[in-house]
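Working through the structure, step by step
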Amino acid sequence: MRLTQEQTSLYQENGFLLLESALGDDAVARLREAFDRDCQVPGPQRVSEEGRAEVRAVYASHLRQPEYAGLIRDPRLLVPVQQLLTDDVYIYQFKINAKPAFGGEKWSWHQDYAAWQIADNLPAPRQVNVAVFLDDVDEFNGPVIFLPGSHRSGLISKSRKTAAKSAQHIDPDDIALTEDQLTGLVSERGMTSPKGRAGSIVLFSPEIVHGSAPNMSPFPRRLAIMTYNDITNLPCWADEPRPEYVVCRDTKPLRALDAPFLDALEGPQHEVPYVA
Ligand code: HL5
Ligand code: SIN
Ligand code: MN
């Protein structure tokens, strides 16, 4: 469960780390069911692909689905995050990017922390993103592409387009890097896309440059991304805060479950905090 010294060094060096098949098939099946259920819940937390009915992203499922309330506290996720940040972390943002088969659109090249500094006045990039593959990810279904080491370049672009693509969240398109910026960075850093079986996990930095291509394959690429933030690094709202579904308000430190989330959900002592 704990990362080795070599793994933490790789994360610091590259800005991401792949943990292959970290979760088993049972866990993945339950997470997919919970996602299907959550897609039926209407509301602004559900973002559609442009001009289509298909789901592009759903936010804050951990506040509605017990499987995800368990997953954010699962020691296989929380222990590595606590090693990389501090023992006291909470969920700043939770999203599932659905990338449906035959038409899941691209996610433009960006750095997450640019969005969070601009929109939420988040003081420092003291976050770790944990991405859980809900499907097998290969070169065909739109894997996330990283520029290794680019998290050490600082914030490359701090501006936002005037016309937002979506009113529900900041689509990476709004803070996308320019072609010239990308060309320079890629010549320096190269590109890589971690792939693997459903249940694999990728930890990645809020400052790493990343994006992903459209999915024209017959396979979906559902990806749950949990952003953990240091509890001493809260957003400093200047005016109206963004909605809770996109920036979570429960900043109490998370404590790891004693067991994998499925065992905790089904065990005699119901360890996972109640969700509505
Ligand atoms: N959609 C996020 C938000 O906070 C920002 C993006 O991948 C994270 C850039 O609205
Ligand atoms: C994607 O789902 O491909 C993009 C992930 C992200 O921007 O965090
Ligand atoms: Mn991102």
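Going along each chain's sequence as written, the residues are numbered from 1 onward. Chain A is the first chain written and ligand 1 is the first ligand written, with later ones labelled in order. Restriction of local features to residues with pLDDT of at least 70 applies here, the model being predicted, together with a cutoff of 80 or more for giving and counting side-chain atom pairs; totals for whole chains, interfaces and linings are based on all residues. Side-chain descriptors were evaluated using all non-hydrogen atoms of the structure, hydrogens and water having been removed beforehand.

**A short note on the nonpolar core**
Cut-off, in case you're wondering: Joining through side-chain atoms within 4.5 Å is the link that ties buried Ala, Val, Leu, Ile, Met, Phe, Trp, Tyr and Cys residues into a set, and such a set is a nonpolar core. To sort residues, take the accessible area from a 1.4 Å probe on protein chains only and compare it with the maximum for the residue type: under 20% means buried, over 50% means exposed, and anything in between is partly exposed. Think of it this way: any DSSP run of H or I at least four residues long counts as a helix, any run of E at least two long counts as a strand, and we number them from the N terminus. Residue contacts follow a heavy-atom distance rule, with two residues in contact if any of their heavy atoms lie within 4.5 Å.
Among the nonpolar cores identified, the biggest contains 43 residues, and Y68, L71, V130, V132, L203, M226 and Y228 are the most heavily contacted of them. With 5 residues, helix α2 (residues 25-39) is the single largest residue contributor to this core. Those residues within four positions of L71 in sequence are excluded, and the remaining contacts are L23, L31, L77, V132, M226, Y228 and F261. Among the nonpolar cores identified, the runner-up in size contains 19 residues, and V47, A57, A114 and V246 belong to it.

**Examining the sheet that holds strand β7 (residues 144-146)**
Our working definition: The criterion for strand pairing is that DSSP finds at least two bridges linking the strands in question. For helices, the axis comes from a line fit to the C-alpha atoms of the stretch in contact; other axes are also lines fit to C-alpha atoms, and the angle between any two N-to-C directions lies between 0 and 180 degrees.
The 3 strands lie next to each other as β5-β9-β7, forming an open sheet whose pairing is antiparallel. The sheet is open, and its two borders are formed by β5 (107-110) and β7, each paired with just one other strand. Averaged over all adjacent pairs, the angle separating strand axes in this sheet is 25°, with direction ignored. The pairing of β7 with strand β9 (residues 210-212) spans 3 bridges and is classified as antiparallel. Note on β9: the bridge partner recorded for V144 is S212.

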